[in-house]
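Report on the structure
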Amino acid sequence: MPRTALCLASLVAVACIVSASAVRMVTPFVETPKGYTHLATSGNSSLYQVELASSSMPGQQYSTAPCVVDLHGTHFEIGYDYAALLHTQTADTFRSFLTSIYPSSQDQELIMKFADFCWDSWLSKNTPQRFLDELAGMQAYYAAVGHPDTSGNYSLANATAYEVSRRFFTLANMPADTVNIISMLEQELEQGWPQWLKTVINDIIKLLEKWHHSCDAYGVWGSRTQDSLLYSSRNLDYASDTGINAHKLIQVFNIDDPKYGGVPPGGVYASIGFAFGPGALAGMSEVGITTSEMNLDNSVVTFSGVPFPLRLRYVLEEATNLESAMTVWNATNNTNSFNFLIGSAPDALKYKASPSPAINGAFALETIMDFTAQFPANSSIERAATFYCKGNACQSWTNQTGEVHIGSPLPEAVWRTNHGFNPRVMATQEPLFNNTVFRYNIMHDLFENLAAEGTLIDDHVAIGIVATLGTKGVDYFTCDQDFGHADNIMSIAYAPGPRTPNAPSSAGHMYIAWESGGGSSWRPAACSPYMMFDLAAWL
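The structure reproduced in this document is the subject of the present report. This structure is a prediction, so every number in the text was calculated from the model and none was measured. (Residues numbered from 1 in each chain as written. Predicted model: local features only at pLDDT ≥ 70, side-chain atom pairs only at ≥ 80, totals over all residues. Heavy atoms only, no water.)

Once that is clear, we can look at the sheet that holds strand β11 (residues 338-344). One open sheet holds the 10 strands; their spatial order is β2-β3-β4-β7-β8-β9-β10-β11-β12-β13, and the pairing between them is mixed. The sheet terminates laterally at β2 (35-42) and β13 (371-375), the two strands that pair on one side only. When the angles between neighbouring strand axes are averaged without regard to direction, this sheet yields 20 degrees. Where strand β8 (residues 269-274) and strand β9 (residues 283-285) come together, three bridges link them in antiparallel fashion. By the bridge assignment, Tyr269 is partnered in β9 with Ser285. (Pairing = 2+ DSSP bridges. Helix = DSSP H or I, 4+ residues; strand = E, 2+ residues; numbered from the N terminus. Axes fitted to C-alpha atoms, helices over the stretch in contact; angles between N-to-C directions.)

Glancing now at the pattern of salt bridges. Following the criterion strictly, the structure yields 16 salt bridges and no others. Glu134 is paired through a salt bridge with Arg313; the nearest N and O atoms lie 2.7 Å apart. Residue Glu134 is found in helix α4 (residues 129-144), and its partner Arg313 is found in helix α8 (residues 308-318); the two are separated by 179 residues along the sequence. With respect to class, Glu134 is no different from Arg313; both count as buried. One salt bridge connects Arg416 with Glu366, and the closest N-O pair in it is separated by 3.0 Å. Residue Arg416 is located in strand β16 (residues 413-416), and its partner Glu366 is located in strand β12 (residues 362-368); the two are separated by 50 residues in the primary sequence. Of the two residues, Arg416 and Glu366, both sit in the buried class. Through salt bridges with shared partners, one network takes in Arg130, Glu134, Arg313, Glu317 and Glu318. (Salt bridge = Lys/Arg side-chain N within 4 Å of Asp/Glu carboxyl O. Buried < 20%, exposed > 50% of the residue type's maximum accessible area, 1.4 Å probe, protein only.)

Across the sheet, seven strands lie side by side as β1-β19-β18-β17-β6-β5-β16; this open sheet has mixed pairing. Unpaired on one side and paired on the other, β1 (30-31) and β16 mark the two borders of the sheet. One ladder, built from six bridges, connects strand β6 (residues 231-237) with strand β17 (residues 488-496); its direction is antiparallel. Bridge assignment links Asp237 to a residue of β17, and that residue is Asn488.

Here the focus is helix α3 (residues 105-121). In this model, α3 (17 residues) spans 24 Å end to end at C-alpha, consistent with the 24 Å of a helix rising 1.5 Å per residue. Listed as buried for α3 are Gln108, Leu110, Ile111, Met112, Phe114, Ala115, Asp116, Phe117, Cys118, Trp119 and Ser121. The inward-facing, buried residues of α3 contact α2 (75-101), α4, α5 (161-171), α6 (179-188), α7 (195-208) and α8. Between the side-chain oxygen at the start of α3 and the backbone nitrogen of Gln106 there is a gap of 3.2 Å, and the oxygen is on Ser104. (Expected span 1.5 Å × (residues − 1). Contact = heavy atoms within 4.5 Å. Polar contact = N/O pair within 3.5 Å; in protein donor to acceptor, adjacent residues only side chain to side chain.)

Inspection of the entire model under this criterion finds 26 aromatic pairs. With a centroid separation of 5.0 Å and 80 degrees between ring planes, the pair formed by Tyr36 and Trp538 is classed as edge-to-face. Remark: Trp538 occurs in the segment after β19 (530-534) and Tyr36 occurs in strand β2; sequence separation between them is 502 residues. Note on Tyr36: relative accessible area 11%, which makes it buried. Judged by relative accessible area, Trp538 falls into the buried class, the value being 2%. Summarising the aromatic geometry, the rings of Trp119 and Phe169 are spaced 6.1 Å apart at their centres and angled 45 degrees between planes, so their arrangement reads as tilted. Placement of Trp119 in helix α3 and of Phe169 in helix α5 is noted, with a sequence separation of 50 residues between them. Across the pair, Phe169 and Trp119 agree in class, each one buried. Three or more aromatic residues joined by ring pairs form one cluster here, namely Phe97, Trp119, Phe168, Phe169, Tyr238 and Phe276. Here the guanidinium or amino end of Arg311 rests over the ring plane of Trp329, the centre of that ring lying 3.7 Å away. (Phe/Tyr/Trp six-rings, centres within 6.5 Å; stacked < 30°, edge-to-face > 60°. Lys NZ or Arg CZ within 6 Å of the ring centre and 35° of its normal.)

Below you can see the structure in the form of structure tokens.
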């Protein structure tokens, strides 16, 4: 149950912060929740709805308030409680998502059948047992309430949280470039493809071409931030205006793990997204670890690994600093090619006590099958990276041709969009035809310009940076525009704890925005209210 008084005291204080910076950025609007309304209970877990303050600013309201599910128990119990508390919302989210993109029931069935095939054949076999236990808990809930077995039934009308979760873990892990899906299948199906898949693979590829995602993230600390504390971020750019924003969701995991006789090393943690099942599109832990994911188009891919929404949870549960985060990371396999950013407040505090280039508050990770490139701040590999621009191939981000330098690393900061800098990764990545380098350069310039004017990054500036990168409009620096094909559906600025060495129980806070409105009134998350969420209130 949330300790509302503590949460609200923090919210009121932060809502009044105004940045004095002259650096051009989006001006974010911070929502001030009034509290949480209890909706339902299952076992030791409870579901709440955020009580939002009324905003007088046009376009600055959510039509439905976010929910928080406070999950307590073993992994099995958490799975059971998730299904009990969020069956309806999860089924509705998946139904809205698929029907928005694929009006044809035949197309919907084909996508679900393909997702189930990939999960059953590979992903499930690489998923840690703890998360399979959660799925078993979901099945136990449906058996207990007499829900009919829907195995092999691809009707959205009867979808369960168990089925949606498996399909979401799989579909979220698909490459953005559908050509690379063929690469993933060829990697796994060396002995030949099932006949049904041979028959429909071209149809599947055509359907998945309707998906697109980009995303970006940063981590910044030391002399660039107020009190040298870590700030990090996560922008999720995906299919927009699908109706899933009706079920915005924060999941708080308070896990009773017999292996540790209670909570695992990472402590209580929160994942942020929508009601798609107990995965993490983004997350922050009690000990101060943050996780972010970005697409990285590359042909060296496989299905034989942990789906990233579960892999991020694995890191949040087990890691207490960057060293232990990488131990967890390297104990599991990469699947699709992704960029990731892992932040660590404990390492940022260590840097504050004894600044050294050997200490980092965050790492950027570039991942392909069987290889992870780990990038600290001010990386020499990143600085040396070049890309060959032939003709007008790079005109969306530079007028230069020939070998063009694309890496501009800085001390006390790491950031990524959707391309790599490691030579092994770059050798097989897709051409840099979109705005990924442009956005990388925007973040570099924001950090440099803020430092040049002597502005320390605080909560408000941290939100402004992630909002600026999230607009994805013609002009990245304003919300006063027509967003056309923009796709920013979630935007987060993390302020992870502990925020001071003398307050180890301070779990930090974050600011979360989701896409809002719909149709002609749709607004990207970056131009919607950022809601403060104080993790310490849920410990």
